[in-house]
Amino acid sequence: MYAVAEVVDEACVAKKGCRLCIMYCPEANTILFNKENQVAEVVEQRCKGCELCVVVCSSAKHNAIRLVHR
Ligand code: SF4
Ligand code: SF4
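We now turn to the structure provided with this report. (Residues numbered from 1 in each chain as written. Chains lettered and ligands numbered in written order. Predicted model: local features only at pLDDT ≥ 70, side-chain atom pairs only at ≥ 80, totals over all residues. Heavy atoms only, no water.)

1. Re the site of ligand 1
So, step 1. The environment of ligand 1 is made up of Cys12, Val13, Ala14, Cys18, Leu20, Cys21, Ala40, Cys57, His62 and Ala64.
So, step 2. When its residues are assigned to classes, the shell around ligand 1 shows nine nonpolar, one polar and no charged. (Near = heavy atom within 4 Å. Nonpolar A, V, L, I, M, F, W, Y, C, P; charged D, E, K, R; others polar.)

So, in structure tokens, the structure goes:
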């Protein structure tokens, strides 16, 4: 099993301009802004499960990204 980040679309406030997870993710091109759905989106194949995005999103009280196990 390994962990990857997953965005809870209904909770994500990227449509209001939030880009915290995108800015803080240390892996290149791993969290992207989905323009069509106006939410952040994790590219699972690139995610290392480091949890940094979860920490910044929950620190900002959005709680819109979590780790899931595959
Ligand atoms: S930090 Fe959270 S609320 Fe902000 S864009 Fe990322 S998932 Fe969405
Ligand atoms: S868990 Fe780490 S590598 Fe994966 S999307 Fe979040 S910040 Fe990026």
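2. Some points on a nonpolar patch on the surface
So, step 1. Residues Met23, Tyr24, Leu52 and Val55 make up a contiguous nonpolar surface patch of about 390 Å² in total accessible area.
So, step 2. Within the secondary structure, methionine 23 is located in helix 1 (residues 20-24). (Patch = residues over 30% accessible without salt bridge, like charges linked within 9 Å, V, L, I, M, F, W, Y side chains within 5 Å. Areas by Shrake-Rupley, 256 points an atom, 1.4 Å probe, with all protein chains shown as cover. Salt bridge = Lys/Arg side-chain N within 4 Å of Asp/Glu carboxyl O. Helix = DSSP H or I, 4+ residues; strand = E, 2+ residues; numbered from the N terminus.)

3. Some points on the pattern of salt bridges
So, step 1. Summed over the entire model, instances satisfying the criterion amount to four salt bridges.
So, step 2. Here arginine 70 ties to glutamate 6 by a salt bridge, and the two come within 3.6 Å at their closest N and O atoms. Residue arginine 70 is located in the segment after strand 4 (65-69), and its partner glutamate 6 is located in strand 1 (residues 3-7); the two are separated by 64 residues in the primary sequence.
So, step 3. Judged by relative accessible area, which is 23%, glutamate 6 ranks as partly exposed.
So, step 4. The closest approach of N and O atoms between glutamate 44 and arginine 70, which form a salt bridge, is 2.5 Å. One end of the pair, glutamate 44, is in the loop between strand 3 (39-42) and helix 2 (52-59); the other, arginine 70, is in the segment after strand 4, with 26 residues separating them in the sequence.
So, step 5. Looking at arginine 70, the relative accessible area reads 39%, which means it is partly exposed. (Buried < 20%, exposed > 50% of the residue type's maximum accessible area, 1.4 Å probe, protein only.)

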